[in-house]
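Residues per chain, in single letters:
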Amino acid sequence: MAVLWLDDVNAGDIDLVGGKAASLGELTGAGLPVPPGFTVTAETYRTFIEEAGIDEELFAAVDVDPEDSAALRAAEERAADLILGTDIPDAVREEIIESYRQLGPDGEEAFVAVRSSATAEDLPDASFAGQQETYLNVREEHLLERVKECWASLFTQRAIYYRQQQGFPHEDVDIAVVVQRMVDAEKSGVMFTSHPSTGDPQIIIEAAWGLGEAVVSGSVSPDNYVYDRAKGAVADVTVADKKTLMEKDSETGETVEREVAEDRRNERVLSDAEIESLVELGERVEDHYGEPQDVEWAIVDGEVFMLQSRPITTIAESASDAETDTTDGDDGSDGGATSSGGGGGTDDENEDVLVQGLGSSPGVVSGAVRIVTKLDHLDQVQEGDILVTEMTMPDMVPAMKRAAGIVTDEGGMTSHAAIVSRELGVPAVVGTRTGTKQLENGRQITIDGDKGTVRAGADSEAEPAEEFEPVEAARPQTPVKPMTATEVKVNVSIPEAAERAAATGADGVGLLRIEHMVLTLGKTPERYIAEHGARAYQDELIEGIRTVADEFYPRPVRVRTIDAPTDEFRDLEGGDDEPAEHNPMLGWRGIRRSLDKPDVFQQELAAFDRIYEMGYDNVELMLPLVNDSDDIEGAKRQMREAGIDPEERRWGVMIETPAAALQIEDLASAGIDFASFGTNDLTQYTLAVDRNNENVADRFDETHPAVLELIGQTIETCRELGVDTSICGQAGSKTEMVNFLVEEGISSISANIDAVRDVQHEVKRKEQRILLDSVR
Ligand code: PEP
Ligand code: MG
């Protein structure tokens, strides 16, 4: 039998029908209202390639060097040619079509969803393996073609790359395909059958008009309903402004995004009776599985359907754990810069404070001091040590990962040490001035990355040292992702942090700094290219960018072209050729260097071009430290020369100088899609306060009225000109700045990994306050 009906499969049939179909079968068997459907089994796929005799050629074609992007592209094409170009045997075709015809209501032709259903559950991340193709509103005419396309989705470039890298044999992965009647949803959404963080008996429902894709993909802010299971009543209703919906176009059958009619935008989606029906279903599913579930549902003609159900994985060990985590997060993301002051006084009564600095990455840890003054000392940093150094450098990242904590003499909240330690989840205190002099090697100390203190002795309350904070720690501990009209994204500087960054549920990456990838090579770009060739340099960039772009796909990832001051290049091999600059922060960095060094810039842009060619349409290009349209026109010429069409791609600029903010109309006329505030630099250049100088750290104030005025005016002009605005400086993680930016109408905010969830909540609170004010 080529197909199996959902009625006939259950959770134990993953090998046969893949995870998705097995779960739908289980729900159907439990009597829950799942739209009818069947699965083209994994065995059918296997028989198809074996009987047609294409299996060996197929597996040989995709056994390529994953770092060779031309070979990857050719492998994907060859695999698709083989699968799509081979006929499905007659008996199988007939069985699929015959089954499909039974799905039509009263003999009508059905619209079905065709989805791949992975059997490789033992792969660390099956979503990478490419088995996630979904085709909506398919009819008989295209059904068999879509089934084959699902099969071919096993061999996209991303899937091949991932399996080759993981050493996972291609021949061990099979794929099933689910064919299921579409529900033409009038309303749809998700439901958590218990509080997703505390496990409390509350059911949380998010609902929007039209098809569920809008809610699941986050493209619309849904209504939020909280149902108290103990009291058996609706406890809270938040009605969102639902600007868009997804629906089936009645002519073409395609899913399209439409504007919601004015009078329905702020109308409540679910009635109390509908909430009751959903709650009843939710409780049945939870009972069936014996654990809280995350359910996708849809309503059509008053009838409720369940489209999918998964266990909730975010419930904390205990409610009190969740409480503590949330409070710590608040302190960590906001308080550090302001409450600790630049190496000044402390409000910590503890007498054994040895040195004091800025708490730049939250957490309290104890460990032995390991002072690093030269790079060749790095090997001495053992797991669990506290790395103490003047200032961290990119080559220190492996040692920073091993360390339990980090202390630096120099630097402020936006220094390399602060940014990287936050991304690694390693507690850090920066700008202590005298840490390397006052602390002795081997001494036990406790550092507090919130308060900015370094104390003598080990603290029994300190967290046990962990090597590189686990991904779980980055997962939100608070309830359902707050849906916000203002997008909330995340900043990434080291590709190693990509998984943690994606686990936050952010809407994309607002800034991926590529200089850290380059500096980690240990050689200046010029030296690296001279010794290893331009192609190898591109490959390094591609690998780093792709790690992040994969993790977030299809969410957008803004990748910034290189921006490092000459003093950061100086310590690398080839650094002797760097010009000696009095003030590197005002010197040869960002777009200035790129335009002056087109030979190197061309290689960076070639890496972007290759990434686009690989199909990463979620990558956006961002230019740093521009001042005016001349900078942009120069960059556009270079883009074109590298084969990138600025009209076709989404790209934009950082607003990091007062000049850029004041010249925003000029910049907009050069065709930018977005402008992103780099407040680390914008503040330093507006206030003339060196961001890396601990002596003036207490004067570094991103919320200074002058900085806010530049930002406010820029947002206003951009809104008039239809240019998106964003922030990707450190200040985007601060409550005060978030409130200001939402009020001004910014399009998105990009925060640090540890601050994303708090920022989502703050944005939502502010948006609701604005709405309330407008109707009162
Ligand atoms: C900024 O200047 O705010 C910014 C995000 O860029 P960087 O910190 O890399 O200079
Ligand atoms: Mg900057």
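From a predicted model like this one, the values you see are computed outputs, not experimental measurements. In this numbering scheme, every chain counts its residues from 1 along its sequence in written order. Each chain is given a letter, starting from A, and each ligand a number, starting from 1, according to the order in which they appear as written. Residue-level local features of this predicted model are given only where pLDDT is at least 70; pairs of side-chain atoms are given and counted only at 80 or more, and the full residue set underlies all totals for whole chains, interfaces and linings. Only hydrogens and water are set aside; all other atoms, that is, all heavy atoms of the structure, feed into the side-chain values.

The next point concerns unusual backbone geometry. Residues Y553 and P554 are joined by a peptide bond in cis, for which omega reads 0°. Tracing the backbone shows P554 in the loop between helix 19 (534–552) and strand 24 (557–560). Phi angles above zero are rare outside glycine, and R433 is one such case at about 70°. The helix count covers DSSP runs of H or I at least four residues long, the strand count covers runs of E at least two residues long, and both are numbered beginning at the N terminus. In this fold, R433 is placed in the loop between strand 19 (428–430) and helix 14 (435–438). Of note in the backbone geometry, A688 takes a positive phi value of approximately 55° without being a glycine. One can find A688 in the loop between helix 26 (679–687) and helix 27 (705–721). Taking relative accessible area as the criterion, A688 reaches 71% and is therefore assigned exposed. Note on exposure labels: buried denotes an accessible area under 20% of the residue type's maximum, exposed denotes more than 50%, and partly exposed covers the range between, all computed with a 1.4 Å probe on protein chains only.

Let's shift gears to the side chain of Q760. Relative to the helices and strands, Q760 is located in helix 29 (residues 756–775). In terms of polar contacts, Q760 uses its side chain to reach the side chain of R757, at 2.5 Å. For this analysis, residues touch if any pair of their heavy atoms sits within 4.5 Å. Excluding residues within four positions of it along the chain, Q760 makes contact with K481, P482, T484, V488, T504, G505 and A506. Two N or O atoms count as a polar contact when they lie within 3.5 Å, although within protein this holds only if one can serve as hydrogen donor and the other as acceptor, and sequence-adjacent residues are included solely when both atoms are side-chain atoms.

With that out of the way, let us pick up the environment of R535. As for its position among the elements, R535 is in helix 19. Along the backbone, R535 and A607 are 72 residues apart, and their C-alpha atoms lie at a distance of 8.8 Å. Every residue in contact with R535, bar those within four places of it in the chain, is listed here: S69 and R610.

The next subject is the coordination of the magnesium ion (ligand 2). Protein coordination at the magnesium ion (ligand 2): the donors are E656 (OE) and D681 (OD), at 2.0 Å from the metal. Linking E656 in the loop between strand 26 (651–655) and helix 24 (658–662) with D681 in helix 26, this pair joins segments that are 25 residues apart in sequence. Metal donors were taken as nitrogen, oxygen and sulfur atoms no farther than 2.8 Å from the ion, or 3.2 Å where the ion is Na, K or Ca. Water is excluded, so coordination may look unfinished.

Whether parallel or antiparallel, the strands of a sheet pair through hydrogen bonds between backbone atoms. Spatially, 14-21-20-16-17-18-19-15 is the arrangement adopted by the eight strands of the open sheet, whose pairing is mixed. Strands at the two margins of the open sheet, each flanked by one partner only, are strand 14 (353–356) and strand 15 (358–361). Neighbour to neighbour, the strand axes of the sheet diverge by 30° on average, direction disregarded. Following DSSP output, two strands are said to pair if at least two bridges run between them. Bridge analysis of strand 16 (residues 364–372) against strand 20 (residues 444–448) gives five bridges, and the strand direction is antiparallel. Note that in strand 20 the partner of S366 across the bridge is T446. Here the axes come from fitting lines to C-alpha atoms, over the contacting stretch only for helices, and the angles between their N-to-C directions go from 0 to 180 degrees. Contacts between helix 13 (residues 416–424) and the sheet are confined to strand 15, strand 18 (405–408) and strand 19, with strand 15 contributing the most and set at about 45° to the helix.

So, on to the confidence of the model for the chain. Mean pLDDT over the chain stands at 85; residues scoring 70 or higher make up 88%. The predictor rates its confidence in each residue with pLDDT, a number between 0 and 100. Segment residues 122–131 is flagged for pLDDT under 50; beyond a separation of four residues in sequence, or across chains, it makes 30 contacts in the model. Low pLDDT, under 50, characterises residues 314–349; the predicted model gives this stretch 66 contacts beyond four residues in sequence or across chains.

Before going further, it helps to spend a moment on the sheet that holds strand 4 (residues 134–138). One open sheet accounts for five strands, arranged 1-2-5-3-4; its pairing is antiparallel. The sheet is open, and its two borders are formed by strand 1 (3–5) and strand 4, each paired with just one other strand. On average, each strand axis in the sheet is tilted by 25° relative to the strand beside it, whichever way the strands run. In this sheet, strand 4 lies alongside strand 3 (residues 112–118) in antiparallel orientation, the contact comprising three bridges. Across the sheet, R115 pairs through a bridge with T134, a residue of strand 4. Lying over the sheet, helix 1 (residues 14–29) contacts strand 1, strand 2 (37–40), strand 3 and strand 5 (175–181), oriented at roughly 125° with respect to strand 3.

Let's shift gears to the side chain of T389. Turning to its location among the elements, T389 is positioned in strand 17 (residues 386–389). In terms of polar contacts, T389 uses its side chain to reach the backbone carbonyl oxygen of V372, at 3.0 Å. T389 has contacts with V372, M396, V407, T408, D409 and T436, leaving out every residue within four places of it along the chain.

What follows covers the pattern of salt bridges. By salt bridge we mean one thing: a side-chain nitrogen of Lys or Arg within 4 Å of a carboxyl oxygen of Asp or Glu. For the structure on display, the rule yields 41 salt bridges. The closest approach of N and O atoms between D228 and K231, which form a salt bridge, is 3.8 Å. The exposed category is assigned to K231, whose relative accessible area is 69%. R229 serves as the salt-bridge partner of E286, at 3.2 Å between the closest nitrogen and oxygen. Taken together, the residues E286 in helix 10 (residues 272–289) and R229 in the loop between strand 8 (223–228) and strand 9 (233–238) connect sequence positions 57 residues apart. Members of the salt-bridge network, linked through shared partners, are E526, E578, R593 and K597.

Within the span of helix 18 (residues 525–532), buried status applies to P525, Y528 and I529. The buried residues of helix 18 occupy an angular sector of 95° when projected down its axis, which confines them to one face. Packing partners of the buried residues in helix 18 comprise helix 17 (515–519), helix 19, helix 20 (566–570) and helix 22 (598–613). After helix 18 finishes, the residue G533 shows a positive phi value of roughly 95°. Throughout, the arc means that of the directions going from the helix axis to the C-beta atoms.

Burial analysis of strand 20 places four of its five residues in the buried class, which makes it a mostly covered element. Direction of pairing for strand 20 relative to strand 21 (residues 453–456): antiparallel, over a ladder of four bridges. Paired with I447 across the two strands is V454, which belongs to strand 21. Hairpin connection of strand 20 to strand 21: four residues between the antiparallel strands, including G452 at a positive phi of 85°.

The subject of this paragraph is the packing of helix 1 against helix 10. One way to put it is that helix 1 packs onto helix 10 with a least axis distance of 11 Å and a crossing angle of 110°. Here helix 1 lies roughly perpendicular to helix 10, going by the angle between them. The segment helix 1 lies against helix 10, with S23, E26 and L27 engaging V285, H288 and Y289. Residues of the contact of helix 1 with helix 10, tallied by class, amount to three nonpolar, two polar and one charged. With respect to orientation, any angle under 35 degrees is reported as roughly parallel, any angle over 145 as roughly antiparallel, any angle of 65 to 115 as roughly perpendicular, and every other angle as oblique. Charged residues are taken to be Asp, Glu, Lys and Arg, nonpolar residues to be Ala, Val, Leu, Ile, Met, Phe, Trp, Tyr, Cys and Pro, and polar residues to be all remaining types, Gly included.

By nearness alone, 13 residues border ligand 1, and R513, R560, G678, N680 and R691 come closest of all. At 3.1 Å, a side-chain N or O of E656 approaches an oxygen atom of ligand 1. Here the Shrake-Rupley method, with its probe set to 1.4 Å, supplies the accessible areas, and only the displayed protein chains count as covering residues. When the free accessible area of ligand 1 is taken as 290 Å², the share hidden by the protein chains comes to 96%. Counting only elements with at least two residues in the shell around ligand 1, the list comes to strand 23 (509–513) and helix 26. When residues of the shell around ligand 1 are assigned to their parent elements, the largest contribution, three residues, is made by helix 26. When grouped by side-chain class, the residues that make up the shell around ligand 1 number three nonpolar, four polar and six charged. Nearness of a residue to a molecule or strand requires only that one of the residue's heavy atoms be within 4 Å of it.

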